[in-house]
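Tertiary structure, described
Chain by chain, the residues run as shown.
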Amino acid sequence: MTSQDAPAATGRPVSAVDEVVEICRDLLRIDTTNTGDTTTSAGERAAAEYVAAKLAEVGLEPEIRESAPGRTSVVARYEGADRDRGALLVHGHLDVVPADASEWSVDPFGGEIKDGYLWGRGAIDMKDFDAMALAVVRQWRREGRVPPRDLVLAFLADEEAGGRYGAHFMVDNHPELFEGCTEAIGEVGGFSYTVDENLRLYLVETAEKGIEWLRLIARGRPGHGSMVNDDNAITALSEAVARLGRHKFPIAMTDTVRAFLAQVSEALGIEVDLDDPELAIAKLGPIATIIGATVRNTANPTRLEAGYKENVIPSRAVATVDCRTLPGHAEVFEKQLRDVIGPDIDIEYIERQPPLETAFDGPLVEAMSAALLAEDPAARAVPYMLSGGTDAKAFQKLGIRCFGFAPLRLPADLNFGALFHGIDERVPVEGLKFGVRVLDRFLAAS
């Protein structure tokens, strides 16, 4: 860190707002790429040790756990005033998806600040929230503050590949570290959607779709590429994949999406037809792609594999499909899928994790709303469903009620959804500082 990067010398203790950008930069500069293969993934151990050192520096006692060489998570408990209350889990992941530097305008692991943004892979997914949580907790410890109840802080490996080496490993093998946790906050919630200068909706995740990663396998008669073959595995698979990739599953409205669309209807002054909500969703601008995926089950082909030589017709062809299922509708998905691909394609599941949904009510939600409103008088917290998945899927196994709440006030013209796993990922510097202030208020009231 250069002298110009350091917090200004003011004679007062360093605050969370002062150091959140520095911590986030440090984390971005640790390449924690998760390829989905432990032999080629990197950096999670280094990031975990950095986090553990930051926690230990202010007197906490972090627990480091490794599920496989280098696949490392950190958990620490910050004891609260009322030890009889259920603890609040604050969780984030340290891994990131790969980034091709040739596609970026900056070094994806450089942590560069320009144009009011902090740039780098993981800037919004989700080293920004990791940094916010660390900064707030460090300030509280320096000031001798005691949270209202126990806080359990978890910084996890492997979320980007389903969490088997991270959150699921920790829950299955070290559940004692989460003893007493009844509620949790994590990623992809609490970000703003600007209606106008007098109203910003802050989307709090109360639901997320289930994960169904699967292989479609076609089998046929192998043979020479020069001969007529009416039992070609590649042809059969291609036809099934094309049907699936173009298929729209039926609209199915969940409680969370109904509540969100009711808020949007009021805020934008538009009619929302719940039997055909996509016309209204299209008016949501940058977040339309996220919300649009939450009104139906989805299936997107992502990989194809077949053959080993130009003149050999293979006996087997495989496609990988990323399927996401709605709460309450996962059980019908396989039948829907089978109806589209036909009876002759085999299905193998790579990963299956259930959808989640909780109500948008209770003291924790009230604390979120109050904290946002205190920092932004135009704020209104609303529930929404995430089209993807998070480590909440692991923590629900412990009976923990999970929310996505990583507060960020965003520029009105920023396409936030496109930054997730996208090129030139970045977070507004002022958004980071806003998030710290909101998180400080929220934790104090939770």
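Throughout, residues of each chain are indexed from 1 in the direction in which the sequence is written. With the structure being a predicted model, the display of local features is reserved for residues of pLDDT at least 70 and the display and counting of side-chain atom pairs for 80 or more, all residues being used for whole-chain, interface and lining totals. For the side-chain quantities, the full set of heavy atoms in the structure was used; hydrogens and water were omitted.

**What to know about the sheet that holds strand β5 (residues 117-119)**
At least two DSSP bridges between two strands are needed for those strands to be called paired. Helical segments are the DSSP runs of H or I of at least four residues, strand segments are the runs of E of at least two, and each set is numbered from the N terminus. Ordered in space as β4-β5-β19, the 3 strands form an open sheet in which the pairing is antiparallel. Of all the strands in the sheet, the pair left with one neighbour each is β4 (113-114) and β19 (426-428). Pairing between β5 and β19: 3 bridges, direction antiparallel. Along β19, the bridge assignment pairs Trp-119 with Arg-426. Contacts from helix α13 (residues 429-445) reach β4, β5 and β19 within the one sheet, and its direction differs from that of β19 by about 65 degrees. Only heavy atoms enter the contact rule, under which two residues are in contact if any of them lie within 4.5 Å. Axis geometry follows a simple rule: fit a line to the C-alpha atoms, using only the stretch in contact for helices, then measure angles between N-to-C directions, giving values from 0 to 180 degrees.

**Details of the pattern of salt bridges**
When charged atoms on two side chains of opposite charge get close, those side chains can pair. Just to be clear on terms, a salt bridge is a Lys or Arg side-chain nitrogen sitting within 4 Å of an Asp or Glu carboxyl oxygen. All told, the structure shown has 33 salt bridges when counted by the stated rule. For Arg-45, the salt bridge is made with Glu-66, and the minimal N-O distance between the two is 3.2 Å. With Arg-45 in helix α2 (residues 44-57) and Glu-66 in strand β1 (residues 63-68), the pair connects residues that are 21 residues apart, well separated along the chain. Between Arg-296 and Glu-278 there is a salt bridge, with the nearest N and O atoms lying 2.8 Å from each other. Remark: Glu-278 occurs in helix α7 (residues 278-281) and Arg-296 occurs in the loop between α8 (288-292) and β12 (298-306); sequence separation between them is 18 residues. Judged by its relative accessible area of 9%, Arg-296 falls in the buried class. Buried, partly exposed and exposed residues are distinguished by accessible area as a fraction of the type maximum, computed with a 1.4 Å probe on protein chains only: under 20%, between the cut-offs, and over 50%, respectively.

**Some remarks on the side chain of Thr-294**
Structurally, Thr-294 can be placed in the loop between α8 and β12. The exposure class of Thr-294 is buried, given its relative accessible area of 1%. Within the local environment of Thr-294, its side chain forms a polar contact with the backbone oxygen of Ile-291, the two atoms lying 2.6 Å apart. Leave out the neighbours within four places in its chain, and Thr-294 touches Lys-209, Val-257, Leu-326, Met-385, Leu-386 and Ser-387. Think of a polar contact as two N or O atoms within 3.5 Å of one another; within protein, one of them needs to be a possible hydrogen donor and the other a possible acceptor, and neighboring residues in sequence only count if both atoms come from side chains.

**A word on the pairing of strand β10 (residues 210-219)**
As a general feature of sheets, a regular strand has side chains that alternate between the two faces. β10 sits mainly inside the fold: 8 of its 10 residues count as buried. The sheet contact formed by β10 and strand β14 (residues 316-325) spans 10 bridges and is antiparallel. By the bridge assignment for β14, Ile-217 is matched with Val-318. Across 7 bridges, the pairing between β10 and strand β15 (residues 346-353) is antiparallel. The partner of Trp-213 across the bridge, within β15, is Glu-351.

**Re the packing of aromatic side chains**
Pairing of aromatic rings covers Phe, Tyr and the six-membered ring of Trp, with a centre-to-centre limit of 6.5 Å; geometry is then stacked below 30 degrees between planes, edge-to-face above 60, and tilted otherwise. Enumeration over the complete set of coordinates arrives at 7 aromatic pairs. Aromatic pair Tyr-202 and Phe-434: ring centres 6.0 Å apart, planes at 20 degrees, arrangement stacked. Taken as a pair, Tyr-202 in strand β9 (residues 199-208) and Phe-434 in helix α13 lie far apart in primary sequence, 232 residues in all. The residues Tyr-202 and Phe-434 share a single accessibility class, namely buried. With 5.1 Å between their ring centres and 55 degrees between their planes, Phe-405 and Phe-442 make a pair best called tilted. One end of the pair, Phe-405, is in the loop between β18 (401-404) and α12 (416-419); the other, Phe-442, is in helix α13, and 37 residues separate them in sequence. Both residues of the pair, Phe-405 and Phe-442, count as buried.

**Observations regarding the packing of helix α1 (residues 16-28) against helix α3 (residues 127-143)**
Taken N-terminus to C-terminus, the directions of α1 and α3 make an angle of 135 degrees; their axes are 8 Å apart at the nearest point. Relative to α3, α1 is oriented oblique. Between α1 and α3 lies a crossing whose hand is right-handed. Only Lys-127, Asp-128, Asp-130, Ala-131, Met-132, Leu-134, Ala-135, Val-136, Arg-138, Gln-139 and Arg-142 of α3 make contact with α1, whose side of the interface consists of Ala-16, Val-17, Glu-19, Val-20, Ile-23, Cys-24, Leu-27 and Leu-28. Tallied by class, the residues present in the contact of α1 with α3 amount to 12 nonpolar, 1 polar and 6 charged. Angle categories: roughly parallel below 35 degrees, roughly antiparallel above 145, roughly perpendicular from 65 to 115, and oblique for all the rest. Handedness of a helix crossing follows the sense of rotation of the near helix relative to the far helix, less than a right angle counterclockwise being left-handed and clockwise being right-handed. Residues are sorted three ways: Asp, Glu, Lys and Arg are charged, Ala, Val, Leu, Ile, Met, Phe, Trp, Tyr, Cys and Pro are nonpolar, and all the rest, Gly among them, are polar.

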